[in-house]
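This is what each chain is made of:
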Amino acid sequence: MNAYMPYILCLILFCIGIYAVLSKRNIIKIILGVVIAEYAVNLFLILVAYKAGGRAAIFSGTQEIAPQSMVDPLPHALVLTSIVIGLATTAFLIALAIRLYGKYGTFDITRMRELRG
Amino acid sequence: MIGESVIPLFVAIPLAGAFLTALLKRVKGIPDTLGVMSSVFTFALSILFIIRMQAGQTFVVNVGNWGGFQEVMGRIVGIQMVMDGLTIFMLLIVNFVAFLVAVYSVSYMTRYTEKWQFHTLFLLMLAGMNGVLVTGDMFNLFVFVEIASIASYALVAFGTEKRELEASFKYAVMGGVASLLILLGVIFLYSATGTLNMGDMRAVLAGSEQPGLIYLVFGLLLTGFGLKAAMVPFHAWLPDAHPSAPAPISAMLSGVLIKALGVYAIARVFFTVFGFPHQVSIILLVLAAVSMGVGALVALRQWDMKRLLAYSSISQVGYIMLGLGIGTPLGIMGALFHLFNHSMFKSLLFLDSGAIEYATGTRDMKEMGGLSRKLPITSGTTLAGAMSLAGIPPFAGFWSKLIIIIAAVQAHHMKLAAWAVLMSIVTISYILKVTRFAFLGELKEKYKDIKEVPGFMRVSLIVLALVCIFGGLLLLPQVRDGFLSPAVKALTGMGGV
């Protein structure tokens, strides 16, 4: 059972994030929801690479080469890319939130109703 | 000279153009020149490729020369870029539209300040789209989708008025969630197959019993790419985002972005990687039918010209999905041909709406009327685009719709064929509304002094209109064998990645 706990945590985090995106009215909270969901996905990506008792995939001359005991290094590279992309999205959303606040004087999404139909 | 080694240039040229534009923003004329030149180069490259490529030929390049590790590891290491019939077909469309849009925006974007920002973002978006098309690696696909998406969020907000910001926020949040779902799907696929290369994935998935996990992956990827393609349950952002962007960007978004990021990605992933499973076919058919209906019927009651065109895009993407969902070679050919036509006429119509806005300052069709006397070129080209969209023979749009409907009948989807015919009648009525209210009738007093748009904008409009009129010629056997058939083969046969 314990082995599944991290995955369940991921799922809960992801659901919290999506819930915030769908139901919150404050745009800052919506942005936080996107960020939380994003972290859940990143966490899951790292968990895919996890191996109990595994060590970093670094080869050196003194050790014997044993790929079986190493964690998969590829998702670690991928998650870095994913985090950077997440940073770009978050920065953009926050910049938008600042401009929206400047125009409307509120963070409440239900008061922003220029677009209809 | 033209071989696999130049494939990365499709991404590198616009990327370099984007950064040079940002660096040299103070030099007069540089942003315009770089914007046009970069898209000219990529367009010329795609033409050279299509001339050089024999039917069924596939170019593969290992980025960063990681190919040597293949023998050691027993599988492909590093990112591959792949060029097959479908890729070059899409590249030609994307870069052609991008080139014309860049020419158009030389004049049009003088209405806005900070033109260099526009060109930087535009070229970044182009780099992202070209990347999506050439990549043969699942995670790389996700990265390029994100590059194109984030650039497009910023472009939608370019006017920084209330409407633009609101539309961009909606688009960015929905697009962000879509990207997360795509990434989640890619991770599940990686954990199931142990590889990120599309060709390897196909081999692993075809060789073994498909795990139950695969259905979860279908759902995640279909939702994620469906959001990017604005298929109906996931379409809410499109009618806000596309009209809010500056007109050249609306043309790019509706004309090519939803196709490169949505339709192409769905075709690539579900045909090439999963071998087009039956369940996906049914889902695509249902979504296509709903999209066609909802898009067309809601478009009928719009008065904002760009908003009407945006809803029309949803409906027309439904047609493309219908062709793909049928899955027969004829259906796929109809889908790809309609994709080509839709890129041309929808870009043209959005550029025309921009031209009207440029001349009169309004997008509301109730405000317009009688403009054909004052704007002969704009009204003539709009008519060409409208007839192609409505599917009036001999305009290009007629042939592609005809092929899709014939394919539906051949595959015994009689109800879908009837639905497609019915919706094309609705299409005629909403596009006649545009031509009727904007160009015919009495000219309003306040528009007595308006002038036709400047030369750069005219060139783009006329070229696109000519493609709309003569696009049907693509079906001639000689032309089809070089352009359309290899793209169809790449999806139906094993000639893919």
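About the cut-offs
Residues numbered from 1 in each chain as written. Chains lettered and ligands numbered in written order. Predicted model: local features only at pLDDT ≥ 70, side-chain atom pairs only at ≥ 80, totals over all residues. Helix = DSSP H or I, 4+ residues; strand = E, 2+ residues; numbered from the N terminus. Buried ≥ 20, exposed ≤ 12 C-beta atoms within 10 Å, placed from the backbone. Contact = placed C-beta atoms within 7 Å. Rg over C-alpha atoms; globule rule 2.2 N^0.38 Å. Axes fitted to C-alpha atoms, helices over the stretch in contact; angles between N-to-C directions. Parallel < 35°, antiparallel > 145°, perpendicular 65-115°, else oblique. Nonpolar A, V, L, I, M, F, W, Y, C, P; charged D, E, K, R; others polar. Expected span 1.5 Å × (residues − 1). Core = buried A, V, L, I, M, F, W, Y, C linked by C-beta atoms within 7 Å. Pairing = 2+ DSSP bridges. Left-handed = near helix turned anticlockwise from the far one by under 90°.

**Student:** What is the right way to read the overall build of chain B from this model?
**Tutor:** Counting its secondary structure elements, chain B contains 20 helices and 2 strands. Summarising its shape, the C-alpha atoms of chain B cover approximately 75 × 60 × 45 Å along the three principal directions. Buried residues in chain B amount to 61% of all 497 residues. Here the contacts in chain B between residues at least 6 apart in sequence split such that 80% fall between residues at least 24 apart.

**Student:** How should the overall build of chain A be read in this particular structure?
**Tutor:** The helix and strand tally for chain A stands at 3 helices and 0 strands. Order of helices (α) and strands (β) in chain A, N terminus to C terminus: α-α-α. Here chain A has a C-alpha radius of gyration of 20 Å; the compact-globule value for 117 residues is 13 Å, and the former is much larger. Across the 117 residues of chain A, 24% fall into the buried class. For chain A, long-range pairs separated by at least 24 residues make up 52% of all intrachain contacts whose partners lie at least 6 apart in sequence.

**Student:** Help me out: how do you make sense of the interface of chain B and chain A in this one?
**Tutor:** Interfaces are frequently sized by the accessible area removed from exposure as the parts join. At the interface, 28 residues of chain B touch 26 residues of chain A. Elements with a contribution of two residues or more to the side of chain B that touches chain A: helix 6 (138-156) and helix 7 (162-193) of chain B. Here the side of chain B that touches chain A takes 17 residues from helix 7 of chain B, the largest share from any one element.

**Student:** I'm lost on the packing of helix 2 (residues 27-49) of chain A against helix 3 (residues 74-104) of chain A in this one. Help?
**Tutor:** A pair of packed helices is captured by two measures, namely the crossing angle of their axes and the spacing between those axes. All names here are of chain A. At their nearest, the axes of helix 2 and helix 3 sit 10 Å apart, and the two run at 180° to each other. Put simply, helix 2 runs roughly antiparallel to helix 3. For the pair formed by helix 2 and helix 3, the contact residues are Ile 27, Ile 28, Ile 31, Val 34, Val 35, Glu 38, Asn 42, Leu 45, Ile 46, Val 48 and Ala 49 on the first element and Pro 75, His 76, Leu 78, Val 79, Ser 82, Ile 83, Gly 86, Thr 90, Leu 93, Ile 94, Ala 97 and Leu 100 on the second. Of the residues that constitute the contact of helix 2 with helix 3, the class distribution is 17 nonpolar, 5 polar and 1 charged.

**Student:** Got a minute to help me understand helix 16 (residues 376-390) of chain B in this structure?
**Tutor:** Residue and element names in this part refer to chain B. Between its terminal C-alpha atoms helix 16 stretches 21 Å, which fits the 21 Å expected from 15 residues at 1.5 Å a residue. With 11 of 15 residues buried, helix 16 is to be regarded as a mostly interior element. All of the buried residues in helix 16 are Thr 378, Ser 379, Thr 381, Thr 382, Ala 384, Gly 385, Ala 386, Met 387, Ser 388, Leu 389 and Ala 390. After helix 16 finishes, the residue Gly 391 shows a positive phi value of roughly 80°.

**Student:** I'm lost on the nonpolar core in this one. Help?
**Tutor:** Inside soluble globular proteins, nonpolar side chains tend to come together where they are buried. Counting 212 residues, the largest nonpolar core has B:Val132 and B:Leu322 as the members making the most contacts within it. In this structure, B:Val132 is in contact with B:Leu141, B:Phe144, B:Val145, B:Ala148, B:Ala260, B:Leu261, B:Tyr264 and B:Ala265, ignoring residues within four places of it in sequence.

**Student:** I keep staring at the pairing of strand 2 (residues 80-83) of chain B and nothing clicks. Help me out?
**Tutor:** Remember that side chains alternate between the two faces of the sheet whenever the strand is regular. Residues and elements named next belong to chain B. Of the two faces of strand 2, the one carrying Gln 80 and Val 82 and the one carrying Met 81 and Met 83 are both buried. As judged from the 4 bridges shared by strand 1 (residues 59-62) and strand 2, these two strands associate in the antiparallel manner. Bridging across to strand 2, Val 61 finds its partner in Met 81.

**Student:** Help me understand the environment of B:Leu466, please; the structure alone is not making it clear to me.
**Tutor:** Position of B:Leu466 relative to the elements: it lies in helix 19 (residues 455-470). In the structure, B:Leu466 is positioned 85 residues away from B:Thr381 in sequence and 8.5 Å away in space, judged by C-alpha atoms.

**Student:** How should I be thinking about the packing of helix 17 (residues 396-410) of chain B against helix 18 (residues 414-439) of chain B in this particular structure?
**Tutor:** All names here are of chain B. Two elements in contact, helix 17 and helix 18, have axes whose closest approach is 7 Å; the angle formed by their N-to-C orientations is 155°. Of the possible angle classes, the one that applies to helix 17 and helix 18 is roughly antiparallel. The two elements helix 17 and helix 18 meet at a crossing, and its hand is left-handed. On helix 18, the residues that touch Lys 401, Ile 404, Ile 405, Ala 408 and Val 409 of helix 17 are Met 414, Leu 416, Ala 417, Ala 420, Val 421 and Ser 424. Residue classes in the contact of helix 17 with helix 18 are distributed as 9 nonpolar, 1 polar and 1 charged.

**Student:** I tried to follow the environment of B:Leu196 on my own but got confused; where do I start?
**Tutor:** Residues and elements named next belong to chain B. In this fold, Leu 196 is placed in the loop between helix 7 and helix 8 (198-207). Residue classification places Leu 196 among the buried positions, given that 25 C-beta atoms sit within 10 Å. When the C-alpha atoms of Leu 196 and Ile 469 are compared, they prove to be 42 Å apart, with 273 residues separating the residues in sequence. When residues no more than four places from it in sequence are discounted, the contact partners of Leu 196 are Asp 137, Met 138, Phe 139 and Tyr 190.

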